[in-house]
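Coordinate inspection notes
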Amino acid sequence: MEVKEYKYRKGDYSFSILNLGCAITSICTPDRDGNIANVTLPFVGATEDANVILGSTSFYGLTVGRFANRIGGASFSLNGKTYTFEKNDGPNFLHSGPNGIWSRIWNVKHMDDGFLCSIKVTEADDGFPGDCEIRVRFSMSADGVFKIHYSVTCSEACPINLTNHTYFNLSGDPSQSIRDHLVVMNSHRVVEAGPGLIPTGKIVDVCGTALDFTTEKAIGQDVDSPELAVAGGYDHAYVVDRLDGASRGFAKFIHVRDPKSGRIVQAFTDLPAFHLYTGNFLSGDCGYTKQCGFCLETEFYPDCVNQDSFPSCIVNPGELFESTTVYHFYTDKNC
């Protein structure tokens, strides 16, 4: 398995990806003084040894699917057939297991503004229904707009829930905690999670709880709250606020700033939710420790294949599924 890294630069901004797992290994941005640093946590040494990725459960920068996040009981039924997977997260199935698209070599094509990555997977490959062709386009602009565009076609009806699992640390120094990062979200509700972080089926209001980021606060302000003890911090699917109440439609969902470096990221998606994960289980893999990075995994709700009341992620034959996530990086010097 030959692992290659591809790099793209536009002005002061740059990024890099791997063909293995379609993984983001860097997004380099300036701070308020013009010092450029990587604001992601990449796999270390993956181009020399693929097992750095294949043997990890941290998913640094990986493109995850066909179904990102958790499937309760490691099974679902669709069109009268039950699909069962090997349990890899207690009794549940997380990030499509060891045969997910994150564990495969992708085709990578250079584009004017970045890269187009593609892969084809079959039911024999990963256990999901039918054949599936997936394309992911990464692009960067000279003013710090980093875009991920997903497109998918399937030969049979299939659940599609793709995300990117990049960990961010706006300080540019992964030895620094992200607890001082200041966050405000356009989200008043979360998907309530029960045992094993599987949704109960309820969507609950965050007002007045440790989950509330509707006004700006530091990640560390409530991260040690008893409300978050089961996950050791934030590990929650937030529902994106939209004016018309629709589950989809392009919208801003978060604004994060690091007071020390002056770096800011605001993010947008057309998917129903995003999963905020604060690296609670990082324990030395690639040298990273607890809460030295945060993830913003845009997604359909976890376990939506088993929850009829949740927005559907089923893609039918003849349909083209498309989704876009955008991260805009800048500094408080530009405000």
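Described in the following lines is the structure provided in the data block. (Residues numbered from 1 in each chain as written. Predicted model: local features only at pLDDT ≥ 70, side-chain atom pairs only at ≥ 80, totals over all residues. Heavy atoms only, no water.)

1. Points about the nonpolar core
In plain terms, the rule: Buried Ala, Val, Leu, Ile, Met, Phe, Trp, Tyr and Cys residues that are joined via side-chain atoms within 4.5 Å together make up what is termed a nonpolar core. Throughout this description, buried means an accessible area under 20% of the type-specific maximum (1.4 Å probe, protein chains only), exposed means over 50%, and partly exposed covers the range between. Every residue pair with non-hydrogen atoms within 4.5 Å of one another is taken to be in contact.
Counting residues in hydrophobic clusters, the biggest one holds 80 residues, and the most contacted among them are Phe138, Phe146, Tyr238 and Phe329. Beyond its immediate chain neighbours, meaning those up to four positions away, Phe146 contacts Phe15, Ile24, Ile27, Phe138, Ser139, Met140, Thr325, Val326, Tyr327 and Phe329. Within the second largest apolar cluster, 21 residues are counted, among which are Leu18, Ala50, Trp102 and Cys295.

2. Description of the sheet that holds strand β19 (residues 199-205)
Sheet strands pair via backbone hydrogen bonds, and the direction of the pair is either parallel or antiparallel. Quick note on the threshold: Strand pairing follows a simple DSSP-based rule, namely that at least 2 bridges must link the two strands. A run of H or I in DSSP becomes a helix once it reaches four residues, and a run of E becomes a strand once it reaches two; helices and strands are each numbered from the N terminus.
Strands sit in the order β16-β25-β24-β21-β18-β19 across an open sheet of six strands; the sheet is antiparallel. Across the chains shown, the open sheet's two edge strands, defined by having one partner strand only, are β16 (167-168) and β19. Here four bridges tie strand β18 (residues 189-193) to β19, and the two strands are oriented antiparallel to one another. If you follow Val191 over to β19, its bridge partner there is Ile203.

3. A short note on unusual backbone geometry
Backbone torsion omega between Gly65 and Arg66 reads 10 degrees, so that peptide bond is classified as cis. With respect to the secondary-structure elements, Arg66 resides in the loop between β5 (63-64) and β6 (70-71). Here the phi dihedral of Phe59 falls at roughly 60 degrees; this positive angle occurs in a residue that is not glycine. Its location among the elements puts Phe59 in the loop between α1 (51-54) and β5. Overall, Phe59 belongs to the buried group, its relative accessible area being 8%. Here the phi dihedral of Leu197 falls at roughly 60 degrees; this positive angle occurs in a residue that is not glycine. As for its placement among the helices and strands, Leu197 is situated in the loop between β18 and β19. A residue is classified by how much of its surface remains accessible, and Leu197, at 17% relative accessible area, is buried.

4. Here we look at the side chain of Thr163
To be explicit about the condition: Pairing of N or O atoms within 3.5 Å defines a polar contact, subject to two protein rules: one partner must be a possible hydrogen donor and the other a possible acceptor, and residues neighboring in sequence count only if both atoms are side-chain atoms.
With respect to the element layout, Thr163 can be found in strand β15 (residues 163-164). For Thr163, the side chain forms a polar contact with the main-chain oxygen of Thr298, separated by 2.8 Å. Each residue touching Thr163, except ones within four places of it in the same chain, is listed here: Leu62, Thr63, Val64, Ala68, Tyr150, Glu297 and Thr298.

5. As for the pattern of salt bridges
Should the charged atoms of two oppositely charged side chains come close, the side chains can pair. Worth spelling out the cut-off: Should a side-chain nitrogen of Lys or Arg be within 4 Å of a carboxyl oxygen of Asp or Glu, the pair is scored as a salt bridge.
Applying the stated criterion across every chain, the model contains ten salt bridges. Between Arg179 and Asp224 there is a salt bridge, and its shortest N-O distance comes to 2.6 Å. Taken as a pair, Arg179 in the loop between β16 and β17 (182-185) and Asp224 in the loop between β20 (217-218) and β21 (235-239) lie far apart in primary sequence, 45 residues in all. Of the residues examined, Arg179 reaches a relative accessible area of 27% and is grouped as partly exposed.

Shape is all these values report; function is a separate question.
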